[in-house]
Structure formats: structure tokens, C-alpha cells
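Below, each chain spelled out in residue letters.
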Amino acid sequence: MDYSQFLALKQEIGLFIVFLIVFLYDTFASRKAQGALPVVSTLLMVLFTLTGFCPCLRVDTSAFAGMYVTTPVIVAIKNILNVGVVIVLLQSVKWANSDFISVRRGEFYELTLLTLLGMYFMISSRHFLMFIIGLETASLPLCALVAFEKNRYESHEAAIKYVLTAVFSSAILLMGLSYVYGLTGTLYYAEISRLCVSNMGVMMVIALAFVIAGFGFKISLVPFHLWTADVYQGAPTSVTSYLSVISKGSAAFAFMVVLTQVFGTLYSEAWEWMLYALIILTITVGNLFAMRQTNMKRFLAFSSISQAGYIMLAVIGDNPMGVSALMFYVLVYVFSNLAAFGVIGAIENATGKLDMSDYNGLYKTNPRLAFTMMLAMFSLAGIPPFAGFFSKFFVFTSTLNGTDSAALYVLVLIALINTIISLYYYLLVVKAMFINDSETPIATFRSACSERLGMWICVAGIIGLGIVSYFYDYLLRIAA
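Described in the following lines is the structure provided in the data block. This one's a predicted model, so the numbers in the text were calculated from it and none came from an experiment.

## Here's the deal with the environment of Ser336
Phase 1 of the analysis: Residue placement: Ser336 occurs in helix H14 (residues 320-351).
Phase 2 of the analysis: When its relative accessible area of 1% is taken as the criterion, Ser336 is described as buried.
Phase 3 of the analysis: Each C-alpha atom, one on Ser336 and one on Met373, is 9.0 Å from the other, the two residues being 37 residues apart in sequence.
Phase 4 of the analysis: Those residues in contact with Ser336, other than ones at most four positions away along the chain, are Ala376, Ser379, Leu380 and Ile462.
Phase 5 of the analysis: At a separation of 2.6 Å, a polar atom in the side chain of Ser336 contacts the side chain of Ser379.

Set out below in C-alpha cells:
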């Protein structure tokens, strides 16, 4: 074996070094010095994220007989996830230093970095064995993170539901992959793509359905979404924000690669109409149930389900525009959703309040938090000129690019109608903060410096990505 192949895993090695430094600091630092662990971990992740933009990484590389690949697109995807992780770590500093969590704060950062490493392997894999290794490396630590507040009943319940869901989804995915292997005799993406046409039949369609169902659990596509709201509500807010953005984004990228590069030749014969049905159900059900929520974390859970449907629209546009639209959508989603979770986390850390009615009159007592939440809601709803409008526009454009299919036009029309419906429940939050009165509003408080910095980055991203077109142009160039 040529061990020099490991040098192709530059980003994975860099992340593993960050993990080792955090682990050693947590293990050997004095009790007094451990109070700086959240800041040290965040700074290390910032430095690692900056190195990810080095031009030397943007080269096509393959290792381990083609099981692992990296390209400029994959590097860009990993950098997007890194930016999201940095914001999550910034927003979690105060929570990690709280009396209840400080005893095991090191585990939070170590488990978070491990899950990110697994997601890296998922994205770079071109062989299903490596993909499953990455998937389990990402999933198992997340179960521990969901149960991190072990003395809360809600956290226990969320962890059990997440573990059972992860087990069943992995089993369904593996069942589908076993059928694929039985039909083609290989687990390499390229070989399966070449052989599956000649093996097209009922068993291949069943195998593909199992694979899509397995991914559907990970991305929270309807009808595989039932775990999402309970897990988001019960998990710590920092973990919920990580689940809703980083985990979902990496799974969406991996799903796009599997569908287009492995089963792309079966698009019209097998998975085209499966994906149409999933997208319509996901967007519609997510919107309808979001209207009924009063808990802010459950509200954003169903919002994220709906957003997953829009992300999947980009998969249908199997072209450079579709790839760039998916990357841009996830980048915008990182800033928009984490801005909302940043406000929720700051208020929860200060007051413990999570109900939407608690936000009545927030503008009068905490105008900056209200303004940040308003921008997040406008971006998630797709209101111009904020970034969310352009992310939806690019997704719709990529879906219809070069097609004369009436079904696709109907699909995009349904998505547009649902976008109008989503305005209602996103504006409910804005109405509560700026219009509704409250006799006992949330008292004026000053959020932690790290929380404010995280929210400022998100606000800059929401506004900047809506004004500066360079980001999308860059993603489109490397996708082409």
C-alpha cells in the first residue's frame, strides 16, 4: 500500500489535527485553563477554515483506487460546511461555559469535529464502503450530542428517537445497497452507473427506492421526517442548529452525488417521479405544519423540512447550474438559519424562553435581536433583496434550464405557491416582535460577545450574498 495516498486527504488531515489539539488541550490543560477551551476550539476552526481557501487545495485528486476523490467543487462544499461550523461554535461559547455543561464541554467540541470529519468522507467518497464509514462516523457522535443535556427528559427522548431513526435509516440504506451490489457486483459509483442500465428491472427500482428512503431520513424529506421536530426541540439549541444546517447540507450534497453519478442513467426510468413526489410532499407538509407551531425550535424544524424540498429541486437540474445552485442555497441557508438559531439561543441562555408568544414586543426591549431575526425570516421566506430570494431564484432557474417538460414547470409552480404560503408563518414571527404587545416582554439584556459576533457574521452573509453576485458566479465557474 502506498501511504503517500493519505496526502490527498489534505482537508481531512487538517481537521483531524484540529481535533487532536482540542482533545489534548481538554485532557491535559489545568482546570483554570479549560475555561478557554471554547475560544481555543473556535479559533482553531477559524484558522482551519481560512486554510480551506488556499488555491493548492483546488485540484482534482484521487486516492485509494478511486474510493476517495477531491475536486474544486468538493473543496468548496467542505468550506461552506466549515463556515457553518465556525458560526455554530461561536454561538455555543456561552452555553458551553455554563455551569451545567462546563464539566464536559470538551466532549461537545470533540464530537462536533468528529461528525464533520465523517461528513467530509461522505462527500468525497466514490465507493459505497467509504460512504457508509463516513455516514456512521457522522451519525453516531450526533446521537451523543443530541443527548448532551442528559438530565433533561426532553433530551433523553430526542436522543432515543434520533438513535432509532438513525439505525432504521442506515438499515434501509444498507438493504438498498446490498441489492445494488447483488445486481452489479461492485460498490464503485462509476461502475454501478455503467452496469445498472443493463440490470434495470424491478429489483433495481426497489433498491433505488430503499436508497432514496435512507437518504430521506437523513435530510428530513416527507414522509421520513417524523423524528425532526421532536429531536430539534429536545436537543440543546447549539446541537439543533448544527443538525438543521451542517448535517442537512452535507447529506444533501452526498444525495446529489449518489443520484446523479450512480443512478443518473436511471433518471427517467426510475427516480424522476419518486423525487417529484418527495419534493412536493416535503415543501407542502413542511409549510402546513410550520403554521401550527408555537415553540420556536419546532417552528424552525418544520421550516427546515420545507427548505429541504427546495434544496432537492437543485438535484433535478443535473447540470453545472444545478450544482452551483445547490451549493449557493446551502450557503445562504447556513447564514439565514443560524441567524435565527443565534437569536433563539441568546434568548434561551438569558431567559429560558422558547415560545413564539414570548417574542411579543421584543423590538421594544431588544431591537438588535429583533432586527436580526427579521432579516433571517425575510431571507428564509425568499423576500428580495436578501440572499434567500436569489437562492430560490437560482434553484428554480437551474431546474427549468434547458427543459421543455410540462411536469417540471408544474413542479416549480407548486414550489412557488408554497413560497407564498411560507410568507405567512415567517411573518408571524416578525409580527410578534414588532406589532404584538406584551405585558411581560423579554427584559432587555446584553447577549455574549461570541453570540453577537456569530449573529453579525450571519447578518453580513444574508445582506452580502443578496447584493454581491461574485459568490454565485464563482460557484458556477468551478461547477462548470
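## Comments concerning unusual backbone geometry
Phase 1 of the analysis: Note that the residue after Val222, namely Pro223, is joined by a cis bond; omega there is 10°.
Phase 2 of the analysis: Looking at the element boundaries, Pro223 is found in the loop between helix H9 (202-219) and helix H10 (228-234).
Phase 3 of the analysis: In this structure, Pro385 follows Pro384 across a cis peptide bond, with omega equal to 5°.
Phase 4 of the analysis: When you line up the elements, Pro385 lands in the loop between helix H16 (367-381) and helix H17 (387-400).
Phase 5 of the analysis: A positive phi is found at Phe64, a non-glycine position, where the angle reads about 55°.

## So, the nonpolar core
Phase 1 of the analysis: Grouped together as the largest cluster of nonpolar side chains are 176 residues, with contacts concentrated most on Leu116, Phe131, Phe263, Met373 and Met377.
Phase 2 of the analysis: The leading source of residues in this core is H14, at 19 residues.
Phase 3 of the analysis: Look past the residues within four positions of Met373 in its chain and what remains in contact with it is Met296, Ala340, Val343, Ile344, Tyr359, Val429 and Met433.

## Points about the environment of Val22
Phase 1 of the analysis: By the element assignment, Val22 lies in helix H1 (residues 10-28).
Phase 2 of the analysis: Spatially, the C-alpha atom of Val22 lies 16 Å from that of Val88, the residues being 66 residues apart in sequence.
Phase 3 of the analysis: The residues touching Val22, leaving out its near neighbours within four places in the chain, are Leu37, Ser41, Leu44, Tyr109, Glu110 and Leu113.

## Description of helix H3 (residues 72-91)
Phase 1 of the analysis: The end-to-end C-alpha distance of H3 is 29 Å, a good match for the 28 Å that 20 residues give at a rise of 1.5 Å each.
Phase 2 of the analysis: Judged by how many residues are buried, H3 sits mostly within the fold: 20 of 20 residues are covered.

## Some points on the pattern of salt bridges
Phase 1 of the analysis: Going through the model one piece at a time under the given rule, you end up with six salt bridges.
Phase 2 of the analysis: Between Lys161 and Asp230 there is a salt bridge, with the nearest N and O atoms lying 2.6 Å from each other. Linking Lys161 in helix H7 (residues 153-184) with Asp230 in helix H10, this pair joins segments that are 69 residues apart in sequence.
Phase 3 of the analysis: With relative accessibility at 24%, the residue Asp230 sits in the partly exposed group.
Phase 4 of the analysis: Two residues, Glu191 and Arg194, come together in a salt bridge whose shortest N-O distance is 2.6 Å.

Cut-offs used in this document
Residues numbered from 1 in each chain as written. Predicted model: local features only at pLDDT ≥ 70, side-chain atom pairs only at ≥ 80, totals over all residues. Heavy atoms only, no water. Helix = DSSP H or I, 4+ residues; strand = E, 2+ residues; numbered from the N terminus. Buried < 20%, exposed > 50% of the residue type's maximum accessible area, 1.4 Å probe, protein only. Contact = heavy atoms within 4.5 Å. Polar contact = N/O pair within 3.5 Å; in protein donor to acceptor, adjacent residues only side chain to side chain. Core = buried A, V, L, I, M, F, W, Y, C linked by side-chain atoms within 4.5 Å. Expected span 1.5 Å × (residues − 1). Salt bridge = Lys/Arg side-chain N within 4 Å of Asp/Glu carboxyl O.

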